[in-house]
Amino acid sequence: MFSNTVEFKESFLLRLEMISGKSFSESTARDQYQTLGNMIREFVSNDWITTNERYHAAEGKQVYYLSIEYLLGKLLRQNLINMGVEDIVQEGLQELGIDLSELEEIEADAGLGNGGLGRLAACFLDSLATLDLPGHGHGIRYKHGLFEQKIVDGYQVELPEQWLRGGNVWEIRKPDLAVKIPFWGKVESRMENDRLVFQHLNSETVTAVPHDMPVIGYKSKTVNTLRLWNAEPAQFPFHEDILKYKRETEMISEFLYPDDTHDDGKILRLKQQYFLVSASIQSILKVYRKQHGRLDRLHEDVCIHINDTHPVLAIPELMRILIDEERFDWVKAWHITKNTISYTNHTTLSEALEKWPIHIFRPLLPRIYMIVEEINERFCQALWDQTPGDWERIRNLAILADDYVKMAHLAIVGSFSVNGVAKLHTEILKKREMNQFYQLFPEKFNNKTNGIAHRRWLLKANPKLSALISESIGSAWTYSAEELSKLLKYQNDHSFLEQLQKIKNENKQRLADIIFEKTGVTVDSNAVFDVQVKRLHAYKRQLLNVLHIMYLYNRMKEDSSFTIAPRVFIFGAKASPGYYYAKKIIKLINSVADMVNHDPKIGDKMKVIFLENYRVSLAEKIFPATDVSEQISTASKEASGTGNMKFMINGALTVGTLDGANIEIQELVGQNNIFTFGLTADEVLHYYHHGGYQSVEYYHHDYRIRQAVDQLVNGFFPDVHNEFEPIFDSLLEENDQYFVLKDFASYAEIQRKIGEAYQDQLHWQKMSLNNIARAGFFSSDRTIKEYANGIWGIKSL
């Protein structure tokens, strides 16, 4: 490793010529980025090898984290920060006339994830390595991410997200570690030494090739691995139509979340899920056999963690290997399997709990289906033995029911731990959504409130605030986020609060420049930056936000004496390609923006901005610039949220329902440092179970609501015809299942209070400081320590 800029520059220039075959003066920015990336990877390779050797030599337990998504963002600067050489590299490049920020722009956001689930997995990897814990990630190396979002005439248009176009400088392809995955075919059984032996014949085989990426701990010698699997044709495939086989094989790792409205898409998704778990488990067991020989004690040495239900086929796949290849009997194989696997549930939405039609599952994965059937048979028999004749209970809990394989049921039955991701979420799982399972296995259920990698979301994303914090309380907070609580001693320090405000204003100006560059709209950086960025989903209620904006607009137009603290409402969100309702809301936001932003009567009092293609690298610029963080999901629907934590640690104030981790934010900062409104989870669940809510009554009795809702269909938006009828119908004909109209008055009132509070800037900064100081609890370091101690049983090596 270089210790000064002179060493760095010498090394960099030498490597640049070797890698690009060009002199420095001829080299492009891409050549320079590739050179720097290669240098970093080579510098850590020694620690990477040593880390793996340390794990192989040690007796301690290891964890393997299986996730269908990893939303990594850009890695160049984060890796430099973690290696402790960011300043040397930045200065060295500057002396060569190169701007590190410009090299960062060349790196694509890794297109391996979509939202909170994938970003959580990325934060967890960062914490595992920083805490020197033996934990590796396994995922799929998607050629294209979800999609690149363009907004054309206010509509979402999806383009392929070609993040690998320029290659991936961080990965190493390891074809010698490739494994084979079988699909289709048939299973035959025969007797051998008094036991039944199964053979999978005539299968269509796919090769899974690992691409390993280093996960560098912060100022640590630990370098863990993220192993991403790429689907490639087998070497000598026996296939009638070789081109069809090649195309179908490569499709497995082509796209994240292919459209599954038709059977072809469902087959592809299920293929992806089995591809991920089969490749990962074969690879894990290969390493384990090398170290320990037989697999009798696998559960004592290894924990395989499944992030949501997508990797739940890890359970029958591990059973398949233990029974078919290791020749264990069922009882022993089941004991090992269910004590090896732990599961995180990420939803309270029963419609989001995965299930697969048996008519697709059985022919695609014949041996796996047989094992699932046997697991189900034995489980249902045990239920019958407990309560003979209670068919309703058995049907509710069965893994196979109503012609479907229920993945969450398989996950609970086949694992030793089931955790929710916020206090409220876990309680809802225990008391309502999974109550019958909780009664059956109370010891399995536990809570692990989510966290974020504070080194990315504060240290990297907000360098000016980070510098102020380190000057004031020292830099120990970068390791131990709880140290941020020391900032509370500055609550009444006017000079400190003014510095806080100055940094916020600079971050807002930077975002204002980006907004102008991307949209052509000029926004006033002195206005309240009110932000809602997350996936577009009905339960997250971007609609509530936009109806309130329409109300403010109407009020300003009708009453010249009506004033508000100037506001910039900022949205960023992708809607799933097949989610038409969500796409209508994107169009609505953009239609409202068009009207508001071009109305001279409104001027700078209010602007509405939709930033296209929301992603990690854009989020890093938005969070530090935000004044008000919108966390307004229907109570009981958001499992946790992590955007709420990223805003909080950057000093934004939350306006939110008492949902997910908002509740824990309120517990930490106190009622005076957060703006809460709306129904509670208990009230929402009461309405769902007992009825009594009539959205039409709110429509008729509140003029503000009636005016805004009517504008969806009465020609108020000149550029669209009947475009927003589905939204109108969802609110009135379908009785507003997410209580947008019910919560409207409460939301409008809390927004009025926010406007008033913002007038007293000194007090606002005090509230902001309180949020930053209390945010240490939400570091993923804390979450990972809880997983390590409470579920995985791993220790720092």
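Residues numbered from 1 in each chain as written. Predicted model: local features only at pLDDT ≥ 70, side-chain atom pairs only at ≥ 80, totals over all residues. Heavy atoms only, no water.

Q: Could you give an account of empty space enclosed by the protein, naming the residues involved and the relevant values?
A: One pass over the full model with this rule turns up seven cavities of 30 Å³ or more. Taken as a whole, the largest cavity spans an internal volume of roughly 230 Å³. As for the largest cavity, its lining consists of 16 residues, of which Leu72, Leu75, Ala122, Asp126 and Val215 are closest to the centre. Secondary structure elements with two or more residues in the lining of the largest cavity: α3 (76–83), α6 (116–130) and β9 (204–216). (1 Å grid on protein atoms, 1.4 Å probe; cavity = no way out; pocket = protein on both sides within 12 Å on 5 of 7 lines; lining within 4 Å. Points joined across faces, edges and corners; volume = space filled by probe spheres on them. Helix = DSSP H or I, 4+ residues; strand = E, 2+ residues; numbered from the N terminus.)

Q: If you had to explain the packing of aromatic side chains to someone new, which residues and values would you point to?
A: For the coordinates displayed, the defined rule picks out 30 aromatic pairs. Aromatic side chains Phe124 and Tyr787 sit 5.3 Å apart centroid to centroid with 65° between the ring planes, which places their arrangement in the edge-to-face category. On the criterion of sequence distance, the pair formed by Phe124 in helix α6 and Tyr787 in helix α32 (residues 780–792) is long-range, its members being 663 residues apart. The pair formed by Phe124 and Tyr787 is uniform in burial state, with each residue classed as buried. On the basis of an interplanar angle of 80° and a centroid distance of 5.1 Å, the ring pair of Phe777 and Phe778 is categorised as edge-to-face. Classification of Phe778 by relative accessible area gives buried; the value is 1%. Put simply, the rings of Tyr687, Tyr688, Tyr693, Tyr698 and Phe739 touch in pairs and so form one group of aromatic residues. Stacked on the ring of Tyr404, the Lys or Arg Lys355 has its end atom at 4.7 Å from the ring centre. Against the face of Phe198 rests Arg367, its NZ or CZ located 3.8 Å from the ring centre. (Phe/Tyr/Trp six-rings, centres within 6.5 Å; stacked < 30°, edge-to-face > 60°. Buried < 20%, exposed > 50% of the residue type's maximum accessible area, 1.4 Å probe, protein only. Lys NZ or Arg CZ within 6 Å of the ring centre and 35° of its normal.)

Q: I'd love a proper account of the side chain of Asp324, names of residues and values included.
A: For Asp324, the position within the fold is in helix α10 (residues 314–325). The class for Asp324 is buried, based on a relative accessible area of 14%.

Q: Explain the environment of Tyr551 to me, and be specific about the residues and the numbers.
A: Residue position: Tyr551 is located in helix α21 (residues 542–558). The spacing of Tyr551 and His763 is 212 residues in sequence and 28 Å in space, taken between C-alpha atoms. Beyond its immediate stretch of four places on either side in the chain, Tyr551 contacts Arg704 and Phe744. (Contact = heavy atoms within 4.5 Å.)

Q: Could you give an account of the packing of helix α19 (residues 463–473) against helix α20 (residues 494–519), with specific residues and numbers?
A: At a closest axis distance of 9 Å, the pairing of α19 and α20 adopts a crossing angle of 160°. Looking at the two axes, α19 sits roughly antiparallel to α20. As for the relative orientation of α19 and α20, their crossing is right-handed in sense. Contacts between α19 and α20 involve Lys464, Leu465, Leu468 and Ser472 on the former and, on the latter, Phe496, Gln499, Leu500, Ile503 and Glu506. Residue composition of the contact of α19 with α20, by class: five nonpolar, two polar and two charged. (Axes fitted to C-alpha atoms, helices over the stretch in contact; angles between N-to-C directions. Parallel < 35°, antiparallel > 145°, perpendicular 65-115°, else oblique. Left-handed = near helix turned anticlockwise from the far one by under 90°. Nonpolar A, V, L, I, M, F, W, Y, C, P; charged D, E, K, R; others polar.)

Q: Kindly report on unusual backbone geometry, identifying the contributing residues and their values.
A: Positive phi values are uncommon outside glycine, yet Asn202 reaches one of about 55°. Considering the arrangement of structural elements, one finds Asn202 in the loop between β8 (195–201) and β9. Here Phe739, not a glycine, exhibits a phi torsion of approximately 60°, which is positive. Looking at where Phe739 falls in the secondary structure, it is placed in the loop between α29 (725–731) and α30 (744–759).

Q: Tell me about the sheet that holds strand β15 (residues 404–406), and name the residues and values.
A: Strand order in the open sheet formed by three strands is β13-β15-β14, with antiparallel pairing between adjacent strands. What marks the edges here is a single partner per strand, and that holds for β13 (355–357) and β14 (400–401). With two bridges joining them, β14 and β15 adopt antiparallel strand pairing. Across the sheet, the residue bridging to Leu400 is Val405, located in β15. (Pairing = 2+ DSSP bridges.)

Q: Explain the pairing of β9 residue by residue, including any values.
A: Across the 13 residues of β9, twelve count as buried, placing the element largely inside the fold. Two strands pair when backbone bridges link them, and strand β5 (residues 172–173) and β9 are joined in this way by two bridges, in the antiparallel orientation. Looking at the pairing, Arg173 lines up with His211 of β9. Note that strand β6 (residues 179–183) and β9 share five bridges and pair antiparallel. Note on β9: the bridge partner recorded for Ile181 is Val206. Inspection of the sheet shows β9 paired to strand β10 (residues 223–233) by eleven bridges, in the antiparallel sense. Bridge pairing links His211 to Leu228 in β10. Remark: six residues form the turn of the hairpin made by β9 and β10, two consecutive strands paired antiparallel; Lys219 in that turn has positive phi of roughly 45°.

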